[in-house]
Amino acid sequence: MADNYLERRMEDMRNGRLQNYKTSNRPGSAPMKKGYLHIPFPPRRVLVTGGAHGIGLAIARAFLKADCKVAVFDRDMEAGEKLANEEGVRFYQVDVSDSEALQSAFDNLIKAWLDIDIIISNAGVGDFKPITECSIEDFKRVLDINLTPAFILAKLWATHRSSLPLPNPFGGRMVIVSSTRHLQSEISTEAYTASKGGLSSLTHALMMSLSEYGITVNSISPGWINVAEEPLRAEDLLHHPSRRVGEPEDIARVALFLAAPDNNFINGADIVVDGGATRRMIYPE
Ligand code: NAD
């Protein structure tokens with residue numbers, strides 16, 4: 001009989017006594033509070049792509065709580081309109097892989113706000129297929145959704161900034177949501193992993209090109225973030241040295257921190273937020 005809490009849970013799991021094991025029940029600490037970072041944060045105009053669900057939604061809410069104006073570009077009309085009606089977000093229904101639609105939404109937002117201070121390029125899809133079944137079109141589609149929009153938004157933003165008679169005194173912040181999959185892989189993940197590797201490299205290229213506008217560019221690489229609030233098993237938690245799976249708010253706090261006014265010396269960085277999973281050494285059993 002195990003006398004340690006975690007071992008007891010593992011024993012329950014092995015004996016089929018453990019059905020659902022939620023993050024909020026994680027061992028060894030008080031119930032988790034879904035928190036936001038509280039830092040002095042002057043209101044800014046913030047654009048979040050993919051802000052209708054999951055990590056993007058938590059980021060949009062974090063900036064709203066910091067008294068910012070928030071615009072969301074997302075393809076999900078229903079969730080976006082709900083967000084607009086209930087939380088005061090400016091919502092544009094856009095498929096970010098449609099470059100003309102993306103440009104048109106960007107132009108409309110600039111007409112409304114005159115400029116943007118912070119862009120969070122977050123929209124993304126995972127499409128995992130065996131290499132023999134992943135068509136060239138499948139591969140390109142993932143890049144079109146996950147990678148190319150970050151370049152397009154940065155290009156549109158730089159072009160707009162060059163047209164301003166006076167520079168934006170704040171400069172700006174671009175935060176790109178990548179993934180720890182730019183560092184490690186499973187089988188059948190070529191398209192997604194390539195898109196995230198592209199984003200991680202694009203981050204430092206954009207850092208150079210946007211420097212003249214005072215815009216810093218950083219990426220966040222989330223590990224396993226439980227956006228669907230799925231039931232978790234004990235081993236899912238124990239796989240992470242932090243002994244839990246991530247929550248969208250874990251990423252939102254980092255986005256807010258990177259966007260903070262004094263943090264313009266963090267530039268071209270990639271911040272891994274994965275509960276330690278990527279650094280964990282694993283030997284064959
Ligand atoms: P999610 O599916 O919960 O949310 C993604 C959002 O993007 C949705 O609102 C969706 O409607 C929107 N979206 C998707 N394709 C779009 C398109 N073509 N045009 C406009 N909007 C589109 O996913 P999530 O887990 O919150 O993922 C957000 C980002 O975080 C993605 O870039 C993803 O690759 C990255 N990420 C997630 C995890 C994780 O474990 N959840 C881990 C690493 C990286």
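Up top is the structure.
Residues numbered from 1 in each chain as written. Predicted model: local features only at pLDDT ≥ 70, side-chain atom pairs only at ≥ 80, totals over all residues. Heavy atoms only, no water.

1. Some words on helix α3 (residues 77-87)
Of the positions making up α3, those classed as buried are Ala 79, Gly 80 and Leu 83. The arc that holds the buried residues of α3, viewed along the axis, is 100 degrees, so those residues lie on one side. Summarising the geometry of α3, the exposed residues directed more than 90 degrees from the buried face are Glu 78, Lys 82, Asn 85 and Glu 86. Structurally, α3 contributes buried residues whose contacts are with α2 (54-65), β2 (69-74) and β3 (90-93). A distance of 3.2 Å separates the backbone nitrogen of Glu 78 from a side-chain oxygen at the start of α3, and that oxygen is part of Asp 76. (Buried < 20%, exposed > 50% of the residue type's maximum accessible area, 1.4 Å probe, protein only. Helix = DSSP H or I, 4+ residues; strand = E, 2+ residues; numbered from the N terminus. Arc of directions from axis to C-beta. Contact = heavy atoms within 4.5 Å. Polar contact = N/O pair within 3.5 Å; in protein donor to acceptor, adjacent residues only side chain to side chain.)

2. Structural notes on α2
Its 12 residues give α2 an end-to-end C-alpha distance of 17 Å, which sits within 8% of 16 Å, the value for a rise of 1.5 Å per residue. Count one or two residues on from α2 and you reach Asp 67, which has phi positive near 65 degrees. (Expected span 1.5 Å × (residues − 1).)

3. Description of the side chain of His 160
Position of His 160 among the secondary structure elements: in helix α6 (residues 148-163). According to the relative accessible area criterion, His 160 is buried, its value standing at 14%.

4. Points about the packing of α2 against helix α9 (residues 248-259)
Viewed as axis vectors pointing N to C, α2 and α9 meet at an angle of 50 degrees, and their least axial separation amounts to 8 Å. It follows from the interaxial angle that α2 and α9 lie oblique. Considering only the axes of α2 and α9, their crossing is right-handed. Residues Gly 54, Ile 55, Ala 58, Ile 59, Ala 62 and Phe 63 of α2 lie in contact with α9, whose contacting residues are Pro 248, Glu 249, Ile 251, Ala 252, Ala 255, Leu 256 and Ala 259. (Axes fitted to C-alpha atoms, helices over the stretch in contact; angles between N-to-C directions. Parallel < 35°, antiparallel > 145°, perpendicular 65-115°, else oblique. Left-handed = near helix turned anticlockwise from the far one by under 90°.)

5. Describing the sheet that holds strand β1 (residues 45-49)
Ordered in space as β3-β2-β1-β4-β5-β6-β7, the seven strands form an open sheet in which the pairing is parallel. Across the chains shown, the open sheet's two edge strands, defined by having one partner strand only, are β3 and β7 (270-273). Averaged over neighbouring strand pairs, the angle between their axes works out to 15 degrees when direction is ignored. With four bridges connecting them, strand β6 (residues 215-222) and β7 associate as parallel partners. For Ile 220, the partnering residue across the bridge sits in β7 and is Ile 271. Of the strands in this sheet, β1, β2, β4 (118-121), β5 (172-177) and β6 are in contact with α6, which crosses β5 at around 170 degrees. (Pairing = 2+ DSSP bridges.)

6. Quick notes on empty space enclosed by the protein
Tallied over the entire structure, the rule returns one cavity of 30 Å³ or more. Estimates place the volume of the largest cavity at around 30 Å³. Forming the boundary of the largest cavity are Thr 49, Val 96, Ser 121, Ala 123, Ile 145, Asn 146, Pro 149 and Leu 153. Secondary-structure elements contributing two or more residues to the lining of the largest cavity are α5 (136-146) and α6. Considering only residue class, the lining of the largest cavity consists of five nonpolar, three polar and no charged. (1 Å grid on protein atoms, 1.4 Å probe; cavity = no way out; pocket = protein on both sides within 12 Å on 5 of 7 lines; lining within 4 Å. Points joined across faces, edges and corners; volume = space filled by probe spheres on them. Nonpolar A, V, L, I, M, F, W, Y, C, P; charged D, E, K, R; others polar.)

7. Considerations on the site of the ligand
In the vicinity of the ligand, 25 residues are found, and the nearest of them are Ile 55, Asp 74, Asn 122, Tyr 192 and Ile 225. His 53 is positioned with one of its backbone polar atoms (N or O) 3.3 Å from an oxygen atom of the ligand. In the complex, 86% of the free accessible area of the ligand, which totals 820 Å², lies under the protein chains. Put simply, the ligand lies in the largest pocket. Breaking the shell around the ligand down by element, the ones donating at least two residues are α2 and α7 (190-210). Residue classes in the shell around the ligand are distributed as 13 nonpolar, eight polar and four charged. (Near = heavy atom within 4 Å. Areas by Shrake-Rupley, 256 points an atom, 1.4 Å probe, with all protein chains shown as cover. Sits in = over half its atoms within 2 Å of the grid points.)

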